[in-house]
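Report on the structure
So you can see what is in the structure, the chains are spelled out below.
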Amino acid sequence: MSKDNGFHTVRGYQLLNQENKLLTSGMEDYLEMIYRNMETEGYIRINTLSKLLNVRPSSATKMVQKLAKLGLVDYRKYDIIILTEAGKKYGKFLLERHKVIERFLRNIGITENILAETELIEHNIGLNTMKNIDMLNMFFEKNPDILEKFKRFIEARQDSEKDGNSGKTD
């Protein structure tokens, strides 16, 4: 596949980006969840991880074994799972990325299915885009009046659409 600047399908962009990623989206989900749990418990067990991610324990075991081969977790059969230093660093990044995107979605008025929306975006977003979204979140926090104007703008557009108008402004 050529790496030109032309258009690609979503899968095409994912394949182009894949060579720059250490982990698959699924691996990222597991590592993020392990990190989340370690923040409070200090460790996690396979059964807990499988429940949190709504997967079978056998699936969780296979994924944890893959993460262990990559040096991101320490795991022995029937034992607890803990993150290595590399795993902690990567897990922290993944959780921060999740929070940045979720905060952005809340800022722009997304309330329904926010977890699903966040999950769909976080695995496909570039680092530079994420950093700029984080900057926009910080801008909104430092300028709540602008965020409030934006929210009023959204409400006005939605009201206009309910009334049958196109919502376009002059």
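No experiment lies behind these values; they were computed from the predicted model shown. Along each chain, residues carry numbers from 1 onward, in the same order as the chain's sequence is written. Totals for whole chains, interfaces and linings use all residues, but because this is a predicted model, local features are given only for residues with pLDDT of at least 70 and pairs of side-chain atoms are given and counted only at 80 or more. Water and hydrogen atoms play no part in the side-chain values, which are based on all heavy atoms of the structure.

1. Concerning the side chain of Asn 37
Quick reminder of the rule: Every helix listed is a DSSP run of H or I at least four residues long, and every strand listed is a run of E at least two residues long, numbered separately from the N terminus. The rule is simple: take the accessible area with a 1.4 Å probe, protein chains only, and divide by the maximum for that residue type; under 20% is buried, over 50% is exposed, in between is partly exposed. Whether two residues are in contact is decided by their heavy atoms, any of which lying within 4.5 Å being enough.
Within the element layout of this structure, Asn 37 appears in helix α2 (residues 25-41). On the accessibility criterion, Asn 37 (15% relative accessible area) is buried. Every residue in contact with Asn 37, bar those within four places of it in the chain, is listed here: Gly 42, Tyr 43, Ile 44, Thr 48 and Leu 52.

2. Comments concerning a positive patch on the surface
Counted only if it meets this: Patch construction takes residues with relative accessible area above 30% that form no salt bridge. Like charges are linked within 9 Å, and nonpolar side chains (Val, Leu, Ile, Met, Phe, Trp, Tyr) are linked within 5 Å. The Shrake-Rupley method, run with a 1.4 Å probe, gives the accessible areas here. Residue values count only the displayed protein chains as cover. Salt bridges are counted wherever a side-chain nitrogen of Lys or Arg sits within 4 Å of a carboxyl oxygen of Asp or Glu. Counted as positive: Lys and Arg. Counted as negative: Asp and Glu, with His and the chain ends omitted from the count. The atom standing in for a charge is NZ when the residue is Lys, CZ when it is Arg, CG when it is Asp and CD when it is Glu.
A surface patch of like charges, here positive, comprises Arg 56, Lys 62, Lys 66 and Lys 69. Relative to the helices and strands, Lys 69 is located in helix α4 (residues 57-69).

3. Focus: helix α8 (residues 144-162)
Definition in use: To estimate how far a helix should reach, multiply one less than its number of residues by 1.5 Å.
An ideal rise of 1.5 Å per residue puts 27 Å on 19 residues; α8 measures up with 27 Å between its terminal C-alpha atoms. On the buried face of α8, the contacting elements are α5 (85-107) and α7 (127-142). Positive backbone phi, at 90 degrees, marks Gly 164, one or two positions downstream of α8.

4. Some points on the environment of Ala 68
Position of Ala 68 among the secondary structure elements: in helix α4. It is 9.0 Å that separates the C-alpha atoms of Ala 68 and Thr 84, two residues lying 16 residues apart in sequence.

5. Quick word on a nonpolar patch on the surface
On the surface, a nonpolar cluster with roughly 230 Å² of combined accessible area is contributed by Leu 136, Phe 139 and Ile 146. Take Ile 146: it is sitting in helix α8. Of the residues examined, Ile 146 reaches a relative accessible area of 33% and is grouped as partly exposed.

6. Remarks on unusual backbone geometry
With a phi angle near 55 degrees, Asn 54 is a residue other than glycine that sits in the positive phi range. As for its placement among the helices and strands, Asn 54 is situated in the loop between α3 (46-53) and α4. Judged by its relative accessible area of 71%, Asn 54 is exposed. Phi at Asn 113 takes a positive value of approximately 55 degrees, unusual for a residue other than glycine. With respect to the helices and strands, the residue Asn 113 is situated in the loop between α5 and α6 (114-122).

7. Observations regarding α2
Helix length check: α2, at 17 residues, gives a terminal C-alpha distance of 24 Å against a target of 24 Å (1.5 Å per residue), a fit within 8%. Among all positions of α2, only Met 27, Glu 28, Tyr 30, Leu 31, Glu 32, Met 33, Ile 34, Tyr 35, Asn 37 and Met 38 are buried. Tucked inside the fold, the buried residues of α2 contact α3, α4, β1 (73-75), β2 (81-83), α5 and α6. Looking one or two residues past α2, Gly 42 carries a phi angle of roughly 90 degrees, positive in sign.

8. Considerations on the packing of aromatic side chains
The condition that has to hold: Pairing of aromatic side chains here covers Phe, Tyr and the six-membered ring of Trp, requires ring centres within 6.5 Å, and sorts the geometry by plane angle: under 30 degrees stacked, over 60 edge-to-face, intermediate tilted.
Applying the stated criterion to the full structure yields one aromatic pair. An angle of 50 degrees between the planes, with centres 6.3 Å apart, marks the rings of Phe 139 and Phe 140 as tilted. For Phe 140, a relative accessible area of 10% translates into the label buried.

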